[in-house]
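Residue-level listing of the chains:
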Amino acid sequence: MHVPPIHEFFKELDRVWKPTGTERIPLPIIGAGALLLQTSYERLTKDSDVLETEQIGEGVRSQLEKLAGQGSRLHLRHKIYLDVVRAGLPLLPQRPSWIPIPELTASLTHFRIEVLDVVDVVVSKLKRFHANDRYDVQAMVDRELVPHDLLVDRFRSAVDAFSLDARAADLPRYVANLHVVERDFFGTDETEIELPSHIDG
């Protein structure tokens, strides 16, 4: 049975990990890494983002970056590295949907792997929307893993989460990126997204 390369990355991380406690450490994976772990999608990715949570304290974060961060031995060997992203930075719905990966977790001693749901990953990629993000989004749409109505619903939830602070100023750009996906990937009309009145766009 084919084992995705990203599985081997986490297994080696698990082997070299120095325990910080007795409980498994939750690793909530976002970005392309989440797509690789829950679908048949394969592409070279420069990183497997970990969304920093309350369970990932400074000690765990430091060891993750040392063992598996950019330039680490695991990075050089597997061409993947962990990038610990601080909570609040990604464009996510108010209550992100997390999917457990039990078969990978069962092969590990120190970690519990869960991934951001495919639709929520697509929402998060509308923030940066670089070439790789576009490629990932189109791949998920082509695989019919992103129902259009659900994407719009989850995007609106993310807009609500961002609309109450300084991040709101960037929302018109994210809406424009959603419209690109609707026009070019779904072949549908653009959905009107209501933004707070104080936002120029």
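Residues numbered from 1 in each chain as written. Predicted model: local features only at pLDDT ≥ 70, side-chain atom pairs only at ≥ 80, totals over all residues. Heavy atoms only, no water.

> Help me out: how do you make sense of the nonpolar core in this one?
Within soluble globular proteins, side chains that are nonpolar tend to cluster in buried spots. Residues Phe-10, Leu-13, Leu-27, Leu-64, Phe-111, Ile-113 and Phe-155 are the most contacted members of the largest nonpolar core, which totals 62 residues. For this core, the leading source of residues is helix H9 (residues 171-186), giving seven residues. For Leu-13, the contacting residues outside a window of four places in its chain are Leu-64, Leu-67, Ala-68, Leu-74, Leu-82 and Phe-111. (Core = buried A, V, L, I, M, F, W, Y, C linked by side-chain atoms within 4.5 Å. Buried < 20%, exposed > 50% of the residue type's maximum accessible area, 1.4 Å probe, protein only. Helix = DSSP H or I, 4+ residues; strand = E, 2+ residues; numbered from the N terminus. Contact = heavy atoms within 4.5 Å.)

> Could you clarify how one ought to interpret the packing of aromatic side chains in this entry?
Think of a pair of aromatic rings as described by two things: how far the centres are apart, and how the planes are tilted against each other in angle. Within the structure shown, the criterion is met by three aromatic pairs. Where Trp-17 meets Phe-111, the ring centres are 4.9 Å apart and the plane angle is 70°; that geometry is what we call edge-to-face. Pair noted here: Trp-17 is in the loop between helix H1 (5-16) and strand S1 (25-29) and Phe-111 is in strand S5 (residues 111-116), with a separation of 94 residues, a long-range link. Across the pair, exposure class does not vary: Trp-17 and Phe-111 are buried alike. Positioned above the aromatic ring of Phe-162 is the side chain of Arg-167, whose terminal nitrogen or guanidinium carbon lies 3.8 Å from the ring centre. (Phe/Tyr/Trp six-rings, centres within 6.5 Å; stacked < 30°, edge-to-face > 60°. Lys NZ or Arg CZ within 6 Å of the ring centre and 35° of its normal.)

> Would you mind showing me how to read H1 here?
A turn of α-helix holds 3.6 residues, and therefore any two residues three or four places apart point the same way. Taking 1.5 Å per residue as the helical rise, H1 with its twelve residues ought to reach 16 Å, and the 17 Å between its terminal C-alpha atoms agrees with that figure. Of the residues making up H1, those classed as buried are Ile-6, His-7, Phe-9, Phe-10, Glu-12, Leu-13 and Asp-14. (Expected span 1.5 Å × (residues − 1).)

> Whenever I open this one, the pattern of salt bridges confuses me. Can you help?
Two side chains with opposite charge may pair up if their charged atoms get near one another. If you walk through the whole model with that rule in mind, you get twelve salt bridges. Of the charged contacts in the structure, one is a salt bridge between Arg-86 and Glu-52, with a shortest N-O distance of 3.0 Å. Placement of the pair is Arg-86 in the loop between strand S3 (82-85) and strand S4 (98-100) and Glu-52 in the loop between strand S2 (48-51) and helix H3 (58-68), with a sequence separation of 34 residues. The class for Glu-52 is buried, based on a relative accessible area of 11%. Measuring nitrogen to oxygen at the nearest pair gives 2.9 Å for the salt bridge that ties Arg-128 to Asp-133. Connected through salt bridges with shared partners, the residues Glu-52, Arg-61, Glu-65 and Arg-86 form a single ionic network. (Salt bridge = Lys/Arg side-chain N within 4 Å of Asp/Glu carboxyl O.)

> For this particular structure, what's the right way to read the packing of helix H2 (residues 31-38) against helix H6 (residues 118-128)?
Interaxial distance between H2 and H6 falls to 9 Å at its minimum, and their mutual angle equals 160°. Taken together, the axes of H2 and H6 are roughly antiparallel relative to one another. The hand of the H2/H6 crossing is left-handed. Contact with H2, carried on its side by Gly-31, Ala-32, Ala-34, Leu-35 and Gln-38, involves Val-118, Val-121 and Lys-125 of H6 and no other residues of that element. Its residues placed into classes, the contact of H2 with H6 shows five nonpolar, two polar and one charged. (Axes fitted to C-alpha atoms, helices over the stretch in contact; angles between N-to-C directions. Parallel < 35°, antiparallel > 145°, perpendicular 65-115°, else oblique. Left-handed = near helix turned anticlockwise from the far one by under 90°. Nonpolar A, V, L, I, M, F, W, Y, C, P; charged D, E, K, R; others polar.)

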